[in-house]
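Chain residues, written in single-letter form:
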Amino acid sequence: MVQRRRPSTSFSTSASTSYPSYAYGEYGITTSRPRTHRSTGRPGTGRPRTGASTIARIDAQQVVCAVTESRGISPTVGLAFVNLDTGEAVLCQICDSQTYVRTIHKLRVYGPSEILIVSTAASPKSKLFSIIEENLEVIESRLTLLDRRYWVESTGLEYIQSLAFTEDVEALKIQVSGSYFAVCCIAAVLKYVQLGLSKTFPFHSLRVKYEPSEGSMMIDISTIYSLELIQNLQNPKSKDCLFGLLNETLTPMGSRLLRSNILQPLTDRETLNTRYDALEELTTKEEMFFATRAALKSFLDVDRTLTSVLILPHLIIIPTKPTIQTTEQSINNVIMLKQFVNSVNPIYEALTGARSSMLNNIRELCAPENVVPIQDLIDNVINGDTTYAKQPLELRNQRTYAVKSGVNGLLDVARTTYKEAMEDAYHHSTELNQEYNLPLDLKYDSMRQFYIRIAASELEGRPLPPVFTNVFRKKNMVECQTLELMKRNQKIMVSHQEVILMSNKAVQALIEEIRTQMSILFKICEGIAMLDMVLFPHREISAFAQLVTTQDYVRPQITDTLAIKAGRHPIREKVMHSKFVPNDVYATQHMRFQIITGCNMSGKSTYIRSVALMVVMSQIGSFVPASYASFPIFHQLFARVNMDDSIEPNVSTFAMEMRDTAFILRNIDRRSMAIIDELGRGTSTRDGLAIALALAEALVQSRALVWFATHFRDLANILAERNGVISLHLAVELGDNDTMTMLYKIAEGAIKESHYGLALARVIPLPPGLVEHATYIAQKLEHQVLKRRKTSTRVIHERRRKLILNLKEHLVQAQNGVMEGEVLAAWLKALQKEFVLRMTAIDKEVARAEQESEDEEMVDGTEHTESDHEEERPTRSARQPSVITVNSGTATTESGSTVRAVSENEQ
Ligand SMILES: Nc1ncnc2c1ncn2[C@@H]1O[C@H](COP(=O)(O)OP(=O)(O)OP(=O)(O)O)[C@@H](O)[C@H]1O
């Protein structure tokens, strides 16, 4: 097959959505660019796409992915990604839902530049095909159809056998056994890379990884976006996001690893503990910490260098004759490799005495026995003082003198010519300077080579002498050349090319030898990326600077309970420093649904977001901003938060809310965590409350841990007695002289001061008496609502039930706990006493409420039903003549205006 004619070059450019009409070459490949979205502008399965595209892709990497699936009620999807820039292949097989949410998540995390799909999936379009097609714009990918014959399991296994690192092959074969679809995908991708992109990997040179579907937390794109995990919402360039906060990595590999970890936090307890151990050690051993950071500073983007050394153009399809550019690139690569290999030993030294298993493993990888043989290979060919340079002129010099003298007799002659030509160029610039009395600089760039730069002010308005050509002005500078300089440039270029071509043979032979060592080089590279990633900046601050008390981060425990003491929002606190008020968080199954109320600007969003951010941090192996923290491991994280508070509630806000909500409800389970902020704002108060209630009920049933911030105080009251539900609020202090102080402190129960709207209104000058009457009305209504709720048989039943369920949970804890004998007996007795007391208290409360109700009915002469209190408000207001006169004699329907005032205040 490889001997076939090269396929049409249109692989990279063609675009069409009518797939069958664009078949290329003999490989049955058709391509499509991302499709414009439908009028809804939203992907069918996903959540809002706002700005998501930039999240998917780290940088312009060439990643090709293949996707295929088994059909059925719960489809199994195989995926294989091959990154041509970093020489990495990832296989995964996912049991997905009908909405393919996990598949889309994986695609978004890896951000492939091209997605291959079986051609038969396009007509008729399979559901997977349609969903991928809808998401193309978000993923910024191109869709390519590939003939069915390339998706062959045996070919995939052969590729693994021949291309994976030798020492990984056996383990990989075991891992992928049973992952038929993933193996078919790797076959398809590698065939496409070979035939469509004309590239191939040498034997045992590819880092193949199998990623089990379990093993990482799923965070959908909207959550990534709204929690500002990768990007700040207001300013995409700002570092005020989780990635920006944590990314003090010193190597590009470390930065990439951090990013992919934030997008896919881990769910494996053991791996997380290994990371925490490493981190703990680094933060407590100052010398090791600084030595490691210093050693990391000299690493270049090794992943890319190794891969460009590694990937061969397809031998048969592309002629192998080297060009000047490819040869120059090869020498650059070897120089970079030399720098990499020389940078490894300082890491080995820095980690001397490491105790944690991760640091030890990294140190072992960096041991001299792994590195010295490669260093020897390089030193045999490359001059000892050759180093990588970022400046193009300096890099050209390094290239020219890279290969040792003696490998080619004529090399030294060519180098002498190069040196003389360079001197000529400098000499020429000195001559020009003297002849025209112009202070000029000789500059260099890769396109023009040497050129002349003169400050415009030096010319004082006079024109340049005619010897200067190609003149153009760049800000305050004038740039130009002379014919003589161009001639000398030409001479330098020719002599440089001669040196390069003469060096080529030795360099290619060296690369061939280095290729045999690729697997260890890649492993060292991975170890260094991991080391770089775990050295987060806050650790530097917390461990070694004087800010321990204000900025300290703590190692999280992994337990079944979420408990945070003095937790902080990692990004906000950076801006606010010591002004940020820390808060505690506690959640277990019997406190799994936490309703957070509070007035505007009291800190509700900040509180719930900080919990979610700390969870993500803990699951990537980072310490968290708190004085104590323990977390269960979450497998899914959902955030439905308002991204822009300034947006007026309207239909589209509502539609977005509902789509997000539907997404969450479809996917949430007991291993999930969700934060929901202000749901129901996009519609009327009553509908909003009803929707929030219905959603809350469903979320309570899901058994996930949920933080539900809301303005609907009634939600807290209505759900108060539900098992698993607790109410919290953000405290506010009301001063004597109509002042309100936000305390930003979380406190038990729903917000007490329900009329903070009225409190705020007192600050604003309104007609005399209005606020007082409004307060009276609000209190009266509230009293009625409260009374009815207390006597509701359903509520009483719920409260009793909750008490019994709590008792059960305590008994189970006692059974599984460490208490024994007399201690246990005493504890049980206390528990029993408390239970009896509480149950009696409920009974008494009920009796008292019933009595009060009877008394009032005798006064009112009315009977109350158990209907929705919201519904009753107009009736109540209408029945109160003293209230009706409040509205300063305007023509407004008084009962209506009264009700509206109360509703708004309560909201
Ligand atoms: N723990 C805290 N310590 C100090 N300041 C805080 C804290 N939490 C919030 N704030 C401040 O309060 C402001 C409002 O916070 P946030 O948006 O979380 O309130 P909110 O209750 O969600 O408001 P709204 O209901 O209007 O959406 C923040 O911008 C921040 O400046």
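Please read all numbers here as calculations on a predicted model, not as lab measurements. (Residues numbered from 1 in each chain as written. Predicted model: local features only at pLDDT ≥ 70, side-chain atom pairs only at ≥ 80, totals over all residues. Heavy atoms only, no water.)

As for the overall build of the protein chain
Across its full length, the protein chain holds 34 helices and 24 strands. Classification of the 907 residues of the protein chain by burial places 53% in the buried group. Partitioning the intrachain contacts of the protein chain with sequence separation of at least 6 by distance along the chain shows that 73% fall at a separation of at least 24. (Helix = DSSP H or I, 4+ residues; strand = E, 2+ residues; numbered from the N terminus. Buried < 20%, exposed > 50% of the residue type's maximum accessible area, 1.4 Å probe, protein only. Contact = heavy atoms within 4.5 Å.)

A look at the sheet that holds strand 19 (residues 628-631)
Read across the sheet, four strands follow the order 15-19-16-17 without closing on themselves; strand pairing throughout is mixed. Single-partner strands in this sheet number two, and they are strand 15 (557-558) and strand 17 (583-587). (Pairing = 2+ DSSP bridges.)

Re the layout of surface pockets
There is about 1700 Å³ of room inside the largest pocket. Counting residues per element, the lining of the largest pocket draws most heavily on helix 9 (residues 252-263), which supplies seven residues. Residue composition of the lining of the largest pocket, grouped by class: 22 nonpolar, 14 polar and 14 charged. When we break the lining of the largest pocket down by domain, the ones giving at least three residues each are domain 1 (9-213) and domain 2 (242-404 + 504-539). (1 Å grid on protein atoms, 1.4 Å probe; cavity = no way out; pocket = protein on both sides within 12 Å on 5 of 7 lines; lining within 4 Å. Points joined across faces, edges and corners; volume = space filled by probe spheres on them. Nonpolar A, V, L, I, M, F, W, Y, C, P; charged D, E, K, R; others polar. Domains from an automatic or database assignment.)

Considerations on the site of the ligand
Not every one of the 16 residues close to the ligand is listed here, only the nearest: Val581, Met601, Lys604, Ser605 and Thr606. Between Val581 and the ligand, the recorded distance is 2.8 Å, taken from a backbone N or O atom to a nitrogen atom. One of the side-chain nitrogen or oxygen atoms of Ser605 is found 2.6 Å away from an oxygen atom of the ligand. Starting from 640 Å² of accessible surface for the ligand in isolation, the protein chains cover 85%. The element that contributes the greatest number of residues to the shell around the ligand is helix 24 (residues 604-619), accounting for three residues. Classifying every residue of the shell around the ligand gives six nonpolar, six polar and four charged. (Near = heavy atom within 4 Å. Polar contact = N/O pair within 3.5 Å; in protein donor to acceptor, adjacent residues only side chain to side chain. Areas by Shrake-Rupley, 256 points an atom, 1.4 Å probe, with all protein chains shown as cover.)

Points about the pattern of salt bridges
Within this structure, the stated rule accounts for 29 salt bridges. Lys125 is paired through a salt bridge with Glu133; the nearest N and O atoms lie 3.1 Å apart. A residue is classified by how much of its surface remains accessible, and Lys125, at 42% relative accessible area, is partly exposed. Here Glu573 and Arg568 are joined by a salt bridge, their closest N and O atoms 2.6 Å apart. Residues Glu573 and Arg568 agree in their burial class; the two are buried. (Salt bridge = Lys/Arg side-chain N within 4 Å of Asp/Glu carboxyl O.)

Here's the deal with the nonpolar core
Within the largest apolar cluster, 117 residues are counted, with the highest numbers of intra-cluster contacts made by Leu229, Phe340, Leu562 and Trp707. Broken down by element, this core gets its largest block of residues, twelve residues, from helix 20 (residues 518-534). Residue-level mapping places this core at the junction of two domains, with at least three residues from each of domain 2 (242-404 + 504-539) and domain 4 (546-753). Excluding residues within four positions of it along the chain, Leu229 makes contact with Ile219, Ile224, Cys241, Leu242, Phe243, Ile262, Leu613 and Val616. (Core = buried A, V, L, I, M, F, W, Y, C linked by side-chain atoms within 4.5 Å.)

Here's the deal with the packing of helix 10 (residues 269-284) against helix 20
Close contact between helix 10 and helix 20 brings their axes to 10 Å; oriented N to C, the two are set at 65°. When the axis of helix 10 is compared with that of helix 20, the two are roughly perpendicular. The two elements helix 10 and helix 20 meet at a crossing, and its hand is right-handed. Taking contact as the criterion, the partners of Arg275, Leu279 and Leu282 in helix 10 are, on helix 20, Met530, Leu531, Met533 and Val534. Split by residue class, the contact of helix 10 with helix 20 holds six nonpolar, no polar and one charged. (Axes fitted to C-alpha atoms, helices over the stretch in contact; angles between N-to-C directions. Parallel < 35°, antiparallel > 145°, perpendicular 65-115°, else oblique. Left-handed = near helix turned anticlockwise from the far one by under 90°.)

Describing the side chain of Asn489
Along the chain, Asn489 falls in helix 19 (residues 483-515). Not counting chain neighbours up to four residues away, the residues in contact with Asn489 comprise Arg448, Gln449, Phe450 and Gln481.

Regarding the pairing of strand 21 (residues 672-677)
In terms of burial, strand 21 is largely enclosed, as six of its six residues are buried. Burial along strand 21 is two-sided: Ser672, Ala674 and Ile676 facing one way and Met673, Ile675 and Asp677 facing the other are all buried. Both strand 20 (residues 636-640) and strand 21 contribute to a ladder of five bridges, which runs parallel. Across the sheet, the residue bridging to Gln636 is Ser672, located in strand 21. Relative to strand 22 (residues 705-709), strand 21 runs parallel, the two being bridged by five bridges. Bridged to Ala674 within strand 22 is Val706.

Quick notes on the packing of aromatic side chains
Considering all chains together, one arrives at twelve aromatic pairs under this definition. Measuring from centroid to centroid gives 5.1 Å for Tyr180 and Phe181, while their planes differ by 85°, and the two rings are edge-to-face. On the basis of relative accessibility, which here comes to 18%, the residue Phe181 falls in the buried class. Aromatic pair Phe593 and Phe708: ring centres 5.4 Å apart, planes at 40°, arrangement tilted. Taken together, the residues span a long stretch of sequence, with Phe593 in strand 18 (residues 593-597) and Phe708 in strand 22 at a distance of 115 residues. (Phe/Tyr/Trp six-rings, centres within 6.5 Å; stacked < 30°, edge-to-face > 60°.)

Structural notes on the environment of Ala291
Structurally, Ala291 is set in helix 11 (residues 286-296). On the basis of relative accessible area, Ala291 is assigned to the partly exposed category, the value being 34%.

A short note on helix 14 (residues 357-365)
All of the buried residues in helix 14 are Met358, Leu359, Ile362 and Arg363. Seen from one end, helix 14 has its buried residues packed into an arc of 135°, which puts them on one side. In this structure, the buried side of helix 14 is in contact with helix 10, helix 11, helix 13 (324-350) and helix 20. (Arc of directions from axis to C-beta.)

So, the sheet that holds strand 20
Taken together, seven strands build an open sheet; the order of strands is 9-20-21-22-18-23-24 and the sheet is mixed. Among the strands making up the open sheet, the edge pair consists of strand 9 (218-219) and strand 24 (740-748). As paired elements, strand 23 (residues 725-734) and strand 24 share six bridges and run antiparallel to each other. What sits directly across from Leu734, in strand 24, is Met740. Each of strand 9, strand 18, strand 20, strand 21, strand 22, strand 23 and strand 24 is contacted by helix 24, which is oriented at about 160° to strand 21, the strand it contacts most.

Description of the pairing of strand 19
The pairing of strand 15 with strand 19 spans two bridges and is parallel. Looking across to strand 19, one finds that Gln557 is bridged to Ser630. Judged from the three bridges that link them, strand 16 (residues 562-567) and strand 19 form a sheet pairing that is antiparallel. When the bridges of strand 19 are listed, Ile564 appears paired with Ala629.

Focus: the confidence of the model for the protein chain
In the predicted model, the protein chain carries a mean pLDDT of 77, and 77% of its residues have values of at least 70. Across the protein chain, the element-wise mean pLDDT spans from 26 in helix 33 (residues 881-884) up to 95 in helix 24. Between residues 1-27, whose pLDDT stays under 50, and residues either more than four places distant or in other chains, the model counts 64 contacts. Taken together, the stretch residues 645-650 has pLDDT below 50 and engages in seven contacts with residues farther than four places along the chain or on a different chain. (pLDDT = per-residue confidence, 0-100.)

Some thoughts on the packing of helix 16 (residues 392-400) against helix 19
Each pair of packed helices gets described by two things: the angle between the helix axes and the distance between those axes. Viewed as axis vectors pointing N to C, helix 16 and helix 19 meet at an angle of 45°, and their least axial separation amounts to 9 Å. The orientation of helix 16 relative to helix 19 falls into the category oblique. Contacts from Arg396, Arg399 and Thr400 of helix 16 reach helix 19 at Ile492, His496, Val499 and Ile500. Across the contact of helix 16 with helix 19, the residue classes tally to three nonpolar, two polar and two charged.

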